[in-house]
2 protein chains.
Amino acid sequence: MRKSQSFTPNWIDTPPEKGTFRSVFKWGAPDQTKHPGPGFYRAVREALELTDADFQQPAQTGEKPVAQDIAPGLSGEELSALEQIVGSENISTKTFDRLKFSSGKAMEDLLKLREGKLENLADVVVHPRNKNDVQGIVALCHEKKIPIYIYGGGSSVTLGLECVRGGVCLALGTHMNRVLEFNETNQTITVEPGLMGPDYEAALNNAPKRFGAAHRYTGGHFPQSFEHSSVGGWVVTLGAGQASSYYGDAYDLVISQEYVTPAGTFSTRPFPATATGPKVNDIMKGSEGCFGVLVGVTMKVFRHFPQNGQPFAYMLPNWETAVASVREICQGEFGMPSILRISDPEETDMAMKMFGIAGSHLDRLMTLRRQRPGRRCLLIGQADGQRHFAAQVKKNIKKICRSHGGLYLTAYPMNKWMHGRFGDPYMREDLNDYGIIIDTLETSVTWDKLHHLYQGVRSYIKGHPRTICMTHASHFYPQGTNLYFIFICRAMPTEDFLAFQRAIIDRIEQHGGSLSHHHGVGKMMGPWMERHLGSEQMAVLRAIKNHFDPCHIMNPGGTLGLNA
Amino acid sequence: MRKSQSFTPNWIDTPPEKGTFRSVFKWGAPDQTKHPGPGFYRAVREALELTDADFQQPAQTGEKPVAQDIAPGLSGEELSALEQIVGSENISTKTFDRLKFSSGKAMEDLLKLREGKLENLADVVVHPRNKNDVQGIVALCHEKKIPIYIYGGGSSVTLGLECVRGGVCLALGTHMNRVLEFNETNQTITVEPGLMGPDYEAALNNAPKRFGAAHRYTGGHFPQSFEHSSVGGWVVTLGAGQASSYYGDAYDLVISQEYVTPAGTFSTRPFPATATGPKVNDIMKGSEGCFGVLVGVTMKVFRHFPQNGQPFAYMLPNWETAVASVREICQGEFGMPSILRISDPEETDMAMKMFGIAGSHLDRLMTLRRQRPGRRCLLIGQADGQRHFAAQVKKNIKKICRSHGGLYLTAYPMNKWMHGRFGDPYMREDLNDYGIIIDTLETSVTWDKLHHLYQGVRSYIKGHPRTICMTHASHFYPQGTNLYFIFICRAMPTEDFLAFQRAIIDRIEQHGGSLSHHHGVGKMMGPWMERHLGSEQMAVLRAIKNHFDPCHIMNPGGTLGLNA
């Protein structure tokens, strides 16, 4: 046992070679990693009934170079017409580029890429320089009936990026990543869709220097993919950041948008509110590239008061009291914390190990208070905003948690979580390297169906042999929350994995959960849309699709369940 | 002068006779009135250059009975098919009934009804008992191509109710006014669309008794029409209540809806948030009866803490500092007050007279502080929610108002306003009785365009001879606010009035305002929609219209600018 505890798997540290499959599927920055810590490693090894010997040498690492021998399906004439629009330096038919910009980060993508499969490639990657380029490309493709797919940050986990019908992939992050306008009076910023999260946030944080503003600002949008996702991606997939309970999700943050569609280019108007009928601005949000290309978006921004942040962490006796606490917080009419998160017992126990709390002084205190592993649930969060406001929110949360038997854990677990929050996806490669699947599915649900959904989905996942299932709720509303399921199990053939995944999605849908709270639909959830929304609502989406894109060139092949 | 001050016009106090035009256009309860007080009366008389002699005897009072001699345009077969659906007691072809349910409360309606004009009548008024009735009626009308119009509370001021193509008017308030479900866990209530404001709010306030709930609740939606508007009307016209800055407007309050349309019946799902593509639930909001009939709606509700309300009132030196104060409040990240309202100098001076403050101790204090009539601006409001939250919001507002030279006026002006807030529309009949027009137009605007819009619209209205123009902002967002223009002038021929009104709408639109913040579009704003939203967005609305209602039977004739 002692020997085992000191064992560290041979995690891969070297950045992937350029041109390899691994360089396509690896999360984040090429030279960055975050390996599972000893607590997490041991927990996984034990739950999956593996031994240290299974972690001596990685299996399939995907370090094979991508062959460069697949000819594009477009004609020379079509390619040259595209080249005339964007210039020869902004177009590529190299197989590697086409693979890279046709791949997302769903487990299915990763499994296939590791196996060296070349599927669903765009015929050509185009890097538009501006709106005019996009207009030219859309007009050309509409005329020639060439499919168009759109790539922002590349972090989709719903098969949103696969170019299943070939055609053109628009890479928006290359050039279309500029700030177009910052308006301090209105507290808005207008940006191109390819601007990445950290650049967006840095511009706002440094508004005094960057724009001559009187104050610093924040976008308030911090999805786990923050470092590797784009503002446009947030909007067209309806993302939600970890601070959405206070700042709102992407749907709430958008003030106005500009789209290039086969039916024309238009901007919605930036009014703070209107009663001028159904809002086309809202119809476009979440359209996932099926109606047109987002070329500019005006977002709400907020005063940035990092010094006012009030972190907190409580241990609640069990899942029921954790849920009761957060519901009371959301319905308390005293303002919302920005970050709030409750973990179920399995995730809580894992967090205690990952944060190094298991066995510590804090752990002994919890045990004294009869808060035992396997039952106790972690609640962490942070209040933001004006100083007194944030302090009062924290105070109210304290009162509520205490009334449900909560034990204050200091801000330590919250700070640990905060510190590592964007790095966790890096661990996926490490586990995959040793034949371990780690994947997530998420949903939203009203309070009254939460426990039914939680039990129904969890029991199914736990029915799979040797499987970890950690669940948390992390986005809160007075009417309900989301549930986020993380499951870890031994690798299996891709088809078996997909059958398992489909069965979980079925369970979610049948137990009253939404198909997605913030991952979006993509091609993964598409097949459930008709059953989920009903044929009448799907017919509305199809009518709008047919209006914008009568030739079905925009992101065809099942996204949003539009089987076109 | 002294004699003049004691003069009181001969305001009409007797309820209108049943069956008269006056009984159709009179605001509110038949036996209720609210006459202009002496301060308001004198101000109007002076500004319009009238004398007490002009207020001796009302002119055209519309007390003529409605002739009962107009035959319905539908065939006997069609009428009997409708009767078979709803029963003979729920159908009427009486001219009076058809006029009543085809009339709203726009100034144009009132002028025409006063003149005894019978225009835009439905052929038949039908009172559906439930969703099944509505389904039967919609199916029949779709088959026979008979227009359907929908009447909720009847308070539309945008020509939303006129049955310009005849056909069927559905009166939803008669039977379809039930609470279908109250869900305390989710803090939602599901109601039929014809439920009126006071009944809705009373059910929530009395939730412990009515539903066995643990707490009392509020809907948080209090438009000026509250007492005479329906929940369904709020939703389909995108209303906003006077407390919307905290609780949200109707668009925000809706969780899910059920619609009967020619293309089928469907319910949207009540998730607190989703990322499952464009939201059909949101597409239906604001559809003003052009897509289908709302038959059920689930709304957010809030804990009711009337004891926590924190009213306040400040006098700011001028319009610029008033606007700067409210912007700072909205962008302060300390939570929002529920009610907030700033009045421009002209409205402020009128309010001082109406509230009896002009000439009082408070007035002398303001004068000492150099806050003079013609410049000073009133800011009133109330913070709600949890006790400490409301107190902190008020405290922050105090700090901000003081920093802009604001003088605290005690809660007195706010309480005066609060007390009279739903009664003011009654004064319209009194003024109209003496040949005085009083009308309102409203818009929303971003902060950066507010002064340009205010000046552009106000200067135009003030260019009309002998005209009062009072303006306030009363719904607030971090990105901007609404502006609400009230103008009072001498009566003129209806066509001249409409030309004046159209010119003001033109000014609003040209100066960067939205066509509507919360009145909706109706047939009044319809003609501007194409220019306002652009042809691409209007084409989207038409595509959705054609999907739901291919025969264009739903509310045809210009509503939403759908010229069908």
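Keep in mind it's a predicted model, so treat the numbers as computed, not measured. (Residues numbered from 1 in each chain as written. Chains lettered and ligands numbered in written order. Predicted model: local features only at pLDDT ≥ 70, side-chain atom pairs only at ≥ 80, totals over all residues. Heavy atoms only, no water.)

Trainee: Please give an account of the overall build of chain A that cites residues and values.
Mentor: Looking only at helices and strands, chain A has 23 helices and 19 strands in total. In summary, chain A has a C-alpha radius of gyration of 24 Å against a globular reference of 24 Å for 564 residues, a match within 12%. In chain A, 77% of the contacts between residues at least 6 apart in sequence involve partners at least 24 apart. In chain A, the 59 positive side-chain charges and the 56 negative ones have mean positions that sit 8 Å from each other. (Helix = DSSP H or I, 4+ residues; strand = E, 2+ residues; numbered from the N terminus. Rg over C-alpha atoms; globule rule 2.2 N^0.38 Å. Contact = heavy atoms within 4.5 Å. Lys, Arg positive; Asp, Glu negative; His and termini not counted. Charge placed at Lys NZ, Arg CZ, Asp CG, Glu CD.)

Trainee: So, the relation of the copies chain A and chain B: which residues are in play, and what are the values?
Mentor: The operation relating chain A to chain B is a screw motion whose rotation component is 180°, with 0.0 Å of axial translation and a residual RMSD of 0.0 Å. Here the symmetry operator amounts to a two-fold rotation axis. (Least-squares fit on C-alpha atoms with pLDDT ≥ 70 in both.)

Trainee: Just give me the short version of unusual backbone geometry, but keep the residues and values in it.
Mentor: Glycine aside, a negative phi is what most residues show, and trans is what most peptide bonds show. For A:Arg466, which is not a glycine, the phi torsion comes out positive at approximately 50°. Mapped onto the elements of the fold, A:Arg466 is located in the loop between helix 20 (450-463) and strand 17 (468-473). Judged by relative accessible area, which is 34%, A:Arg466 ranks as partly exposed. With a phi close to 65°, B:Leu560 is a non-glycine residue in the positive phi region. (Buried < 20%, exposed > 50% of the residue type's maximum accessible area, 1.4 Å probe, protein only.)

Trainee: Talk me through the pairing of strand 6 (residues 188-191) of chain B; I want residue IDs and the actual numbers.
Mentor: Residues and elements named next belong to chain B. The alternating pattern of strand 6 places Thr 188 and Thr 190 and Ile 189 and Val 191 on opposite faces, both of which are buried. When strand 5 (residues 179-183) meets strand 6, the two strands line up antiparallel, connected through 4 bridges. Bridged to Asn 183 within strand 6 is Thr 188. Between the antiparallel neighbours strand 5 and strand 6 lie 4 residues, among them Gln 187 with a positive phi of about 50°. (Pairing = 2+ DSSP bridges.)

Trainee: Provide a residue-level description of the packing of helix 20 (residues 450-463) of chain B against helix 21 (residues 494-510) of chain B, including the pertinent values.
Mentor: Residue and element names in this part refer to chain B. At a minimum axis distance of 9 Å, the contact between helix 20 and helix 21 shows a crossing angle of 165°. As judged from the angle between their axes, helix 20 and helix 21 are roughly antiparallel. Crossing hand, helix 20 versus helix 21: right-handed. Between helix 20, through Leu 453, Gly 456, Val 457, Ser 459, Tyr 460 and Ile 461, and helix 21, the contact on the second element is made entirely by Phe 500, Ala 503, Ile 504, Arg 507 and Ile 508. Residues that form the contact of helix 20 with helix 21 fall into these classes: 8 nonpolar, 2 polar and 1 charged. (Axes fitted to C-alpha atoms, helices over the stretch in contact; angles between N-to-C directions. Parallel < 35°, antiparallel > 145°, perpendicular 65-115°, else oblique. Left-handed = near helix turned anticlockwise from the far one by under 90°. Nonpolar A, V, L, I, M, F, W, Y, C, P; charged D, E, K, R; others polar.)

Trainee: Tell me what's going on with the nonpolar core, and back it up with residues and numbers.
Mentor: Membership of the largest hydrophobic core comes to 244 residues, with the highest contact counts inside it found for A:Tyr200 and B:Tyr200. Beyond its immediate stretch of four places on either side in the chain, B:Tyr200 contacts B:Ile189, B:Val191, B:Leu195, B:Gly219, B:Val231, B:Trp234, B:Met299, B:Lys300 and B:Val301. (Core = buried A, V, L, I, M, F, W, Y, C linked by side-chain atoms within 4.5 Å.)

Trainee: Account for the sheet that holds strand 5 (residues 179-183) of chain A, with residues named and values stated.
Mentor: Residue and element names in this part refer to chain A. With antiparallel pairing, 5 strands are arranged side by side in an open sheet as 5-6-10-8-9. Sheet topology places strand 5 and strand 9 (264-267) at the edges, where each strand pairs with a single neighbour. Averaged over neighbouring strand pairs, the angle between their axes works out to 10° when direction is ignored. Here strand 8 (residues 254-261) runs beside strand 10 (residues 293-300); their pairing, made up of 6 bridges, is antiparallel. Residue pairing in the sheet places Ser 256 in a bridge with Thr 298 of strand 10.

Trainee: For the interface of chain A and chain B, give the residues involved together with the corresponding values.
Mentor: A common way to report how large an interface is uses the accessible area buried once the components associate. With 87 residues of chain A at the contact, the number on the chain B side is 87 residues. Carbon and sulfur atoms make up 60% of the surface buried where chain A meets chain B, a total of about 6,500 Å² over both sides. For the chain A face of the interface with chain B, the top three residues by lost area are A:Pro278, A:Glu333 and A:Gln479, together amounting to 12%. Linking chain A with chain B are 2 salt bridges, by the criterion used here. The partner of A:Glu509 in a salt bridge is B:Arg269, with the nearest N and O atoms 3.3 Å apart. Applying the counting rule to chain A against chain B returns 33 residue pairs in polar contact (both at pLDDT 80 or more). At the level of elements, strand 9, helix 13 (280-284), strand 11 (302-303), helix 17 (387-403), strand 16 (436-446), strand 19 (480-490), helix 22 (529-533) and helix 23 (535-548) of chain A are the ones that each hand at least two residues to the side of chain A that touches chain B. The leading source of residues in the side of chain A that touches chain B is helix 23 of chain A, at 9 residues. Residues that form the side of chain A that touches chain B fall into these classes: 35 nonpolar, 38 polar and 14 charged. (Buried area = accessible area lost by both parts, 1.4 Å probe. Salt bridge = Lys/Arg side-chain N within 4 Å of Asp/Glu carboxyl O. Polar contact = N/O pair within 3.5 Å; in protein donor to acceptor, adjacent residues only side chain to side chain.)

Trainee: Go over the environment of A:Gly197 with me, naming the residues and quoting the values.
Mentor: All names here are of chain A. Note that Gly 197 resides in helix 8 (residues 197-205). Measuring from C-alpha to C-alpha, the distance between Gly 197 and Val 231 comes to 6.4 Å, with 34 residues separating the pair along the chain. Beyond its immediate chain neighbours, meaning those up to four positions away, Gly 197 contacts Phe 226, Ser 229 and Trp 234.

Trainee: Residues and numbers for the sheet that holds strand 10 (residues 293-300) of chain B, please.
Mentor: Residues and elements named next belong to chain B. One open sheet accounts for 5 strands, arranged 5-6-10-8-9; its pairing is antiparallel. Bordering the open sheet on either side are strand 5 and strand 9 (264-267), each of which pairs with just one other strand. With strand direction ignored, the average angle separating the axes of adjacent strands in the sheet is 10°.

Trainee: Please give an account of the domain arrangement of chain A that cites residues and values.
Mentor: Residue and element names in this part refer to chain A. Domain parsing of chain A yields domain 1 (2-55), domain 2 (76-174), domain 3 (179-303), domain 4 (306-420) and domain 5 (525-564). Each of domain 3 and domain 4 has a C-alpha centre, and these two points are 30 Å apart. The partner domain 4 presents 9 residues to the 7 residues of domain 3 that form the contact. Summed over both sides, the interface between domain 3 and domain 4 buries roughly 620 Å², with carbon and sulfur atoms accounting for 63% of that surface. When residues of domain 3 are sorted by the area they lose upon contact with domain 4, Gln 242, Ser 245 and Tyr 246 head the list and together hold 75% of the total. Linking domain 3 to domain 4 there are 0 salt bridges. In this assembly, domain 3 and domain 4 are joined by 0 residue pairs in polar contact (both at pLDDT 80 or more). (Domains from an automatic or database assignment.)

Trainee: So what's going on with the side chain of A:Asn281? Which residues, and what values?
Mentor: Residues and elements named next belong to chain A. Residue position: Asn 281 is located in helix 13. Residue classification places Asn 281 among the buried positions, given a relative accessible area of 11%. A polar atom in the side chain of Asn 281 sits 3.1 Å from the backbone oxygen of Ile 255. Not counting residues within four places of it along the chain, the set of residues in contact with Asn 281 comprises Val 254, Ile 255, Ser 256, Gln 257 and Thr 268.

Trainee: Any chance you could break down the packing of aromatic side chains for me, citing the residues and the numbers?
Mentor: Overall, the coordinates contain 47 aromatic pairs over all chains when judged by the stated rule. Consider the rings of A:Trp11 and A:Tyr41, whose centres lie 6.1 Å apart with planes at 85°: the pair is edge-to-face. Of this pair, A:Trp11 sits in the loop between helix 1 (2-6) and helix 2 (21-25) while A:Tyr41 sits in helix 3 (residues 38-47), placing them 30 residues apart in sequence. Over the ring of B:Tyr251 we find B:Lys285; its NZ or CZ atom is 4.3 Å from the centre of that ring. (Phe/Tyr/Trp six-rings, centres within 6.5 Å; stacked < 30°, edge-to-face > 60°. Lys NZ or Arg CZ within 6 Å of the ring centre and 35° of its normal.)

Trainee: Explain the packing of helix 3 of chain A against helix 15 (residues 345-354) of chain A residue by residue, including any values.
Mentor: All names here are of chain A. Where helix 3 meets helix 15, the closest approach of the two axes is 7 Å, and the angle between their N-to-C directions is 140°. When the axis of helix 3 is compared with that of helix 15, the two are oblique. Between helix 3 and helix 15 lies a crossing whose hand is right-handed. Contact residues: helix 3 offers Gly 39, Phe 40 and Ala 43, while helix 15 offers Met 350, Lys 353 and Met 354. Among the residues forming the contact of helix 3 with helix 15, the class breakdown is 4 nonpolar, 1 polar and 1 charged.

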